[in-house]
Amino acid sequence: MSDCRICGGPVQEFFDFGPQPVSDVFPKPADIGTEHFYRLAVGFCERCTMVQQFEEVSRERMFPADYPYRSSGSALMRRHFEQAAAHYLATELSGPDPFYVEIGCNDGIMLSSVQAAGIRHLGVDPAEEAVKVAGASGSRVHVGFFEEATARRIRETDGPANLIFSANTISHIAYIDSVFAGVHALLAEGGIFVFEDRYLGDIIANTYFDQIYDEHFYLFSVRSVQAMAERFGFDLVDVEPLPVHGGTMRYTTARRGERQPTPAVARWLSKEQEQKLAERATYESFGAKIESNCEELKALLTRLRDEGARVVGYGATCKSATVTNYCGIGPDLVPFICDSTVEKQHRVTPGSHIPIRPPAAFSSPYPDYALLFAWNHAAEIMAKEQEFRAAGGKWILYVPDVHIV
Ligand code: SAH
Ligand code: TYD
Ligand code: ZN
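In every chain, residue numbers begin from 1 and rise along the written sequence. By the order in which they are written, chains take letters starting at A while ligands take numbers starting at 1. Local features are withheld for residues below a pLDDT of 70 in this predicted model, meaning they are given only at 70 or higher, and side-chain atom pairs are given and counted only at 80 or more; totals for whole chains, interfaces and linings count all residues. As a rule here, side-chain values cover all heavy atoms of the structure and leave hydrogens and water aside.

(A) Representation of the pairing of strand β16 (residues 369-372). Going residue by residue along β16, you find Tyr369 and Leu371 tucked away on one face and Ala370 and Leu372 tucked away on the opposite face as well. If DSSP finds at least two bridges between two strands, the strands pair. In DSSP terms, a helix is any run of H or I states spanning at least four residues, a strand is any run of E spanning at least two, and both are numbered starting from the N terminus. Where β16 meets strand β17 (residues 394-397), three bridges bridge the pair, whose relative direction is parallel. Paired with Ala370 across the two strands is Trp395, which belongs to β17. Residue burial is assigned from relative accessible area. The probe radius is 1.4 Å, only protein chains are included, and a residue is buried under 20% of its type maximum, exposed over 50%, and partly exposed in between.

In C-alpha cells, the structure reads:
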C-alpha cells in the first residue's frame, strides 16, 4: 500500500515484476552489469482509480541526452502524426498567429508538420540528441523537461499557447501535478491540452503486460484521467481511441468550465464500467494471464532451441525489457534482436543482454522463427519482411496469447 501520486488515496498493488532495468538504456557490451535496477510493481488507487507504479526511476536516468528512441523510425507513426497535425492545423491552430507547444517532441515527428505550415511552435524534450534531429530540420526546440518553471518561462517569452500537445509522454511523468500547473500557466484562454497515451482498457483486454515498464509510470483510463484533470482544475472534454501502439487514447482537456464535454466521454466511462476496469478481480485475472503467457513463451523458446531451431528477436523495444527480464529470456534462447535504430545497434538489451544487430542480420541467413517484440508494428514489419515468410519463416507473438503465425 502507498499513497496515490495524483490524489493521495490508497494504492493497492496488483502485480510485481521484481527488479527490472531502465528499459531504454542499452548498454554497450563493455558496460554490461552497470544497469540500474528498480522494483517494477503496479497498483491501482482505490479512490481515483489511477493505475501507477510504486517506485519512480529518476528522470535523468530514463531520459538522458543520448536517449535512443526515435519516433520517426516507423512509417505508421509518421502517418499518424501527419494526420494529427493536419487536424489541429484546421481547427485549434487556424486562428490569428496561433502558438503550438509540444511536450516530448523527440525527433520532431509531429512538430515538423506544424513548422512546415508556418505556425509558431516550440518543442520541449530533454533527449538532446533526438531533439537535435528536430532542430536540424528547422523546428524550434528547447532541450529540457516540461514542468511548471519551464512553462512559466515559455509564457514570458512567447505568450500563451493555443494548443499544448503531447504523445506518449504525459504517462511517463510521475510529477504530473507540476505538468498541469505548467499547462495552467501557459495555456491561452479557450486553449486545449491534448495528450495521447497507451490505453489501460486495451492493455487489460489483450494482456499487453509488456506495456508495463519504467517509462509508463501511469496507465491511463478515461475515468482516471477525468479524475486527474478535475483535481488540477481542468475538465476532460473529449476522448478518442487511436489504433497505434496496440491501443491508444487521445484525451482532450480544457480549463474548468471552458468547453462542453462531447458524448464520447460518458460513452467511454460506461464502457470502462462494463469492462470492470475499477475492480480488483480484473487485475487479479490480468496477473494470472501475465504468468501463463510468460511460462508458455519460455517453454516454447526452450523447446525450439532443444529441437535445434533458430529464433531471432525483432524490435529492441522498451516492451522487450519487461518480457525478457521477467520471463527469463536471454541470448541462450534468442541469440540476437534486429532493430533499425542505429543508436541501439551493437549494444545489448538491458538486464537480459541480448545483442542488437542491424536489420541486415535478419536475412543472412533467415532464422526459422522471429519473435516479434515490436508487435505494434506487425503490419509494417511483416510487409517489409515478406521474403522471410516466403523462405518458410514463422513469426512468434506472445500477446494476447502465445501463438505462431
Ligand atoms: N512524442 C513522441 C516521443 C515519445 S517518447 C512519440 O509519440 O513518438 C517520450 C519522449 O518524452 C522522450 O523523447 C523523452 O525524452 C520525453 N520526455 C520525458 N519527460 C519529459 C518532460 N518532462 N518534458 C518533455 N519531454 C519529456
Ligand atoms: P516501439 O514499439 O515503437 O516502442 P517501445 O520501445 O516504446 O516499445 O519500438 C519499435 C522498435 O522497433 C524500435 O526500436 C524500432 C524497431 N523497428 C524496426 O526495427 N523495424 C521496423 O520496421 C519498425 C517499424 C520498427
Ligand atoms: Zn488516486
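(B) How the structure looks around the domain arrangement of the chain. When the domains of the chain are assigned, the result is domain 1 (145-277) and domain 2 (281-404). Source of the domain bounds: an automatic or database domain assignment. Just the C-alpha atoms count here: the centres of domain 1 and domain 2 sit 31 Å apart. Listed as interface residues are 17 residues of domain 1 and, on the opposing side, 16 residues of domain 2. Roughly 1600 Å² is buried in total at the junction of domain 1 and domain 2, and carbon and sulfur atoms are behind 68% of that figure. What gets called buried area is simply the loss in accessible area from a 1.4 Å probe that two parts show on being joined, summed for both. For the domain 1 face of the interface with domain 2, the top three residues by lost area are Thr207, Phe209 and Asp210, together amounting to 42%. Identification of polar contacts relies on pairs of N or O atoms within 3.5 Å, with a donor-acceptor requirement for protein atoms, meaning one able to donate a hydrogen and the other able to accept it, and with residues adjacent in sequence counted only if both atoms are side-chain atoms. The interface formed by domain 1 and domain 2 includes six residue pairs in polar contact (both at pLDDT 80 or more). Looking at the side of domain 1 that touches domain 2, its residues break down into eight nonpolar, six polar and three charged. For this analysis, residues touch if any pair of their heavy atoms sits within 4.5 Å. Residue type decides the class: Asp, Glu, Lys and Arg count as charged, Ala, Val, Leu, Ile, Met, Phe, Trp, Tyr, Cys and Pro as nonpolar, and the leftover types, Gly among them, as polar.

(C) Just the coordination of the zinc ion (ligand 3), in detail. In this listing, donors mean N, O and S atoms no farther than 2.8 Å from the metal, or 3.2 Å for Na, K and Ca; water is missing from the atoms, so a site can look incomplete. For the zinc ion (ligand 3), the full set of protein donor atoms is Cys4 (SG), Cys7 (SG), Cys45 (SG) and Cys48 (SG), at a range of 2.3 Å. Each label reflects the angles at the metal, where four donors whose angles all fall between 85 and 135 degrees are tetrahedral, four or six donors whose opposite pairs open beyond 155 degrees and whose other angles stay between 65 and 115 are square planar or octahedral respectively, and the rest are irregular. Taken together, the four donor atoms coordinating the zinc ion (ligand 3) span angles of 99 to 115° at the metal, a pattern that classifies the geometry as tetrahedral. Sequence spacing of the donor residues for the zinc ion (ligand 3), all on one chain, is C-x2-C-x37-C-x2-C. Overall, the relative accessible area of 0% leaves Cys45 in the buried class. Note on Cys48: relative accessible area 8%, which makes it buried.

(D) Focus on the packing of aromatic side chains. For Phe, Tyr and Trp, where Trp contributes only its six-membered ring, two rings pair if their centres lie within 6.5 Å, and the inter-plane angle classes them as stacked under 30 degrees, edge-to-face over 60, or tilted in between. Following the criterion strictly, the structure yields 28 aromatic pairs and no others. Relative to Tyr398, the ring of Phe373 has its centre 6.1 Å away and its plane inclined at 55°; by these criteria the two rings are tilted. With Phe373 in the loop between β16 and α12 (378-384) and Tyr398 in the loop between β17 and β18 (403-404), this residue pair connects regions lying 25 residues apart in the sequence. The pair Phe373 / Tyr398 is uniform in exposure class, with both members buried. One aromatic cluster is present, built from ring pairs that chain together Phe180, Phe193, Phe195, Phe217, Tyr218, Phe220, Phe232, Phe234 and Tyr251. Directly above the aromatic system of Phe336 lies the positively charged group of Arg357, at a separation of 4.5 Å from the ring centroid. As a reminder, the over-ring test applies to NZ of lysine and CZ of arginine, requiring each to be within 6 Å of the ring centre and within 35 degrees of the ring normal.

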